[in-house]
Amino acid sequence: MAGEEASIFGQLRRVVRTSGAVGGIAARVAGERLFGVKTDRVGHAEDLKAVLGGLKGPLMKVAQFLSTIPDALPAEYAAELAQLQANAPAMGWPFVNRRMQAELGPQWSTRFASFGREAAAAASLGQVHRATLPDGRSVACKLQYPDMASVVEADLRQLKLAMAVYRRMDNAIQQEEIYKELTERLREELDYAREAANMRLYRAMLAAEPSVHVPDPIEGYCTSRLLTMTWLEGRALMRRLEEDPPQEERNVIALNLFKAWYVPLYRYGVIHGDPHLGNYQVRADGGVNLLDYGCIRIFQPHFIRGVIDLYEAVRDKDEDKAHHAYETWGFTGLDREKMAVLNLWAEFLYEPLLQDRTRRIQENDDPQFGRRVAEEVHAGLKRIGGVKPPREFVLMDRAAIGLGSVFLRLGAELNWHQLFHGLIDDFEQGVMAERQAAALAEAGVPQPT
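Residues numbered from 1 in each chain as written. Predicted model: local features only at pLDDT ≥ 70, side-chain atom pairs only at ≥ 80, totals over all residues. Heavy atoms only, no water.

Asker: Is there a simple way to think about the packing of aromatic side chains in this case?
Answerer: Geometry of an aromatic ring pair is reported as the spacing of the ring centres plus the angle between the planes. Going through the model one piece at a time under the given rule, you end up with 21 aromatic pairs. Between Phe299 and Phe303, the aromatic rings sit 4.8 Å apart at their centres with planes inclined by 10 degrees, giving stacked as the arrangement. With a relative accessible area of 0%, Phe299 lands in the buried category. Feature note: the residues Phe258, Tyr262, Tyr266, Tyr311, Tyr350, Phe407, Trp416 and Phe420 constitute an aromatic cluster, connected by ring pairs. Here Arg111 stacks its cationic end above the ring of Tyr221, 4.4 Å away from the centre of that ring. Its guanidinium or amino end placed over the ring of Tyr268, Arg435 lies 5.9 Å from that ring's centre, counting from NZ or CZ. (Phe/Tyr/Trp six-rings, centres within 6.5 Å; stacked < 30°, edge-to-face > 60°. Buried < 20%, exposed > 50% of the residue type's maximum accessible area, 1.4 Å probe, protein only. Lys NZ or Arg CZ within 6 Å of the ring centre and 35° of its normal.)

Asker: What is the right way to look at the nonpolar core in this model?
Answerer: Within soluble globular proteins, side chains that are nonpolar tend to cluster in buried spots. In terms of nonpolar packing, the biggest core is built from 115 residues, with Phe112, Trp261, Tyr266 and Leu410 touching the most fellow members. Element by element, the count of residues in this core is highest for helix H10 (residues 247–268), at eleven residues. When near neighbours in sequence (up to four residues on either side) are disregarded, Trp261 contacts Val270, Ile271, His272, Asp274, Pro275, Tyr280, Leu290, Ala399 and Leu403. (Core = buried A, V, L, I, M, F, W, Y, C linked by side-chain atoms within 4.5 Å. Helix = DSSP H or I, 4+ residues; strand = E, 2+ residues; numbered from the N terminus. Contact = heavy atoms within 4.5 Å.)

Asker: Whenever I open this one, the pairing of strand S4 (residues 138–144) confuses me. Can you help?
Answerer: On a regular strand, each side chain points to the face opposite its neighbour's, so the side chains alternate between the two faces of the sheet. Within S4, six of the seven residues are buried, which leaves the element mostly enclosed by the surrounding structure. Relative to S4, strand S3 (residues 126–132) runs antiparallel, the two sharing seven bridges. Its bridge partner lying in S4, Gly126 is registered against Gln144. Bridging between S4 and strand S6 (residues 226–230) involves five bridges; their strand directions are antiparallel. Counterpart to Ala140 in the pairing with S6 is Met229. (Pairing = 2+ DSSP bridges.)

Asker: What am I meant to see in the packing of H10 against helix H15 (residues 391–410) here?
Answerer: In contact at an axis separation of 10 Å, H10 and H15 are set at 170 degrees when each is read in the N-to-C sense. Taken together, the axes of H10 and H15 lie roughly antiparallel to each other. Two secondary-structure elements touch here, H10 through Arg250, Ile253, Ala254, Leu257, Phe258, Trp261, Tyr262 and Leu265 and H15 through Met396, Ala399, Ala400, Leu403, Val406, Phe407, Arg409 and Leu410. Within the contact of H10 with H15, the residues separate by chemical class into 14 nonpolar, no polar and two charged. (Axes fitted to C-alpha atoms, helices over the stretch in contact; angles between N-to-C directions. Parallel < 35°, antiparallel > 145°, perpendicular 65-115°, else oblique. Nonpolar A, V, L, I, M, F, W, Y, C, P; charged D, E, K, R; others polar.)

Asker: I would appreciate a short explanation of the sheet that holds strand S7 (residues 235–236) in the present structure.
Answerer: Adjacent strands of a sheet pair through backbone hydrogen bonds, lying either parallel or antiparallel. Strand order in the open sheet formed by four strands is S5-S10-S9-S7, with mixed pairing between adjacent strands. Bordering the open sheet on either side are strand S5 (212–213) and S7, each of which pairs with just one other strand. Direction of pairing for S5 relative to strand S10 (residues 288–290): parallel, over a ladder of two bridges. When the bridges of S10 are listed, His213 appears paired with Asn289. Its contacts with the sheet place H10 against S5, strand S9 (280–282) and S10, and it is angled at close to 25 degrees to S10.

Asker: I would appreciate a short explanation of helix H12 (residues 319–329) in the present structure.
Answerer: An α-helix turns once per 3.6 residues; consequently, residues spaced three or four apart project the same way. When we look at burial in H12, the residues that qualify are Ala322, Ala325, Tyr326, Thr328 and Trp329. Buried residues of H12 fall within an arc of 155 degrees about the axis and therefore sit on the same side. Buried positions along H12 lie against helix H11 (301–316), helix H13 (336–354) and H15. Sitting at the amino-terminal end of H12 is Asp318, which places a side-chain oxygen 3.2 Å from the backbone nitrogen of Asp320. (Arc of directions from axis to C-beta. Polar contact = N/O pair within 3.5 Å; in protein donor to acceptor, adjacent residues only side chain to side chain.)

Asker: Where do I start with the pattern of salt bridges in this structure?
Answerer: Note on pairing: side chains with opposite charge can pair once their charged atoms come close. Scanning the entire structure with this criterion turns up 29 salt bridges. The shortest N-O distance in the salt bridge between Lys259 and Glu209 comes to 3.7 Å. Of this pair, Lys259 sits in helix H10 while Glu209 sits in the loop between helix H8 (192–205) and S5, and the two are 50 residues apart along the sequence. Between Glu363 and Arg357 there is a salt bridge whose closest N-O contact spans 2.7 Å. Arg357 gets classed as partly exposed once you look at its relative accessible area, which sits at 35%. Through salt bridges with shared partners, a single ionic network connects Glu181, Glu184, Arg185, Glu188, Arg194, Arg297 and Arg391. (Salt bridge = Lys/Arg side-chain N within 4 Å of Asp/Glu carboxyl O.)

Asker: What am I meant to see in unusual backbone geometry here?
Answerer: Glycine aside, residues mostly have negative phi angles, and peptide bonds mostly take the trans form. At Asp147, a residue that is not glycine, the phi angle is positive and equals roughly 60 degrees. With respect to the element layout, Asp147 can be found in the loop between S4 and helix H6 (148–169). Relative accessible area serves as the criterion here: at 22%, Asp147 is assigned to the partly exposed category. A positive phi angle, near 55 degrees, is found at Asp244, a position not held by glycine.

Asker: Teacher, can you tell me more about helix H17 (residues 429–443) here?
Answerer: Here H17 spans 21 Å end to end across 15 residues, near enough to the 21 Å set by a 1.5 Å rise per residue. Those residues of H17 lying buried are Met432, Gln436, Ala439, Leu440 and Ala443. One side of H17 holds all its buried residues, which, seen down the axis, span an arc of 95 degrees. When the buried face of H17 is taken as reference, the exposed residues oriented beyond 90 degrees from it are Glu434, Ala441 and Glu442. (Expected span 1.5 Å × (residues − 1).)

Function-wise, these values are silent; they only describe arrangement.
Laid out in structure tokens, this is it:
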């Protein structure tokens, strides 16, 4: 059907708009490497941000995503791309009307008591309109932009080019599995019916957490390109932080965010892979709204066992257990030298969990501390010939870094050790496997392969 598959013409249009930014800047940076020609990386990164920021689609999302993965891009690029927001111009009402007709039929408007003509929010793949159902429920209708399959495929081609050029510049992180993971997750995000199933899954997994709120998809109002869900009232976290809330409120928000991400991970092997500030809101009582369920990663239970094993290996300084944990994650060819470098990163991530006391997520006042650890890891990997991260590593690392930065901004003071142990102390791989399979089946989410 028209619009549902990636058309070659749609891909070509996208390539024309982005290839100059991605290929041209990449070529200039490669020239610096090959010929010693000094280039203005900061300026190039600003150019790239300007081009990507005006585009609807996932290339902007990928740029944000890569900016959180240490050494996936040069530091100058990461700093600029981290600032990108989903601010593409909204579709006008005539276009929205046609799109809604395509999804719900020519009389679609009769199925709503009201429907806002102006977009309430913009996203990378679509825009959100506020509406009211005949029974009075307030809902959010997320309508996908047209021809997004073509956009995704064209963007993935550009991403592959950019990553290939950077790979020639720097071999510390071998990115093949990162690209595969991004490809699969982005293609899944096109399917709003799958996102509705993900939403049902999260409602089930977090049913016992009254301070974490998940929208409810509305049956009969969802298609592969339209997602209608209950409207949640909340405020952007950054707006609340600007008002300098008291420490107690900061701690409550952080606690609820911790539950929102890690109860699903350690109980069901599922993680929300997009922890940027636009994907959650805070409520007046410190509760949180968790939004956008397109980027969900389901792990095999043995991988979660490996996450716990690595924590225990760091805690106990057990090199054999650490080696086993890395192999469980999917790292290969690890000798003691490579493990020593990887352990620098593991120790940085797990450090707040090791001390059984109330503390901040990072206790020194250096905002560049994480970056310096990443640079030390990068230098070590480059010295020993690089490492190939398994695809499962990508979203785990992103969630840990993304949430850690939010906890840092909040200035939250919690006993992270007790929170973590409350989730892992009764972990049994077989029990998780059964719990995960039952939850996925009930929500209608495809089983992981």
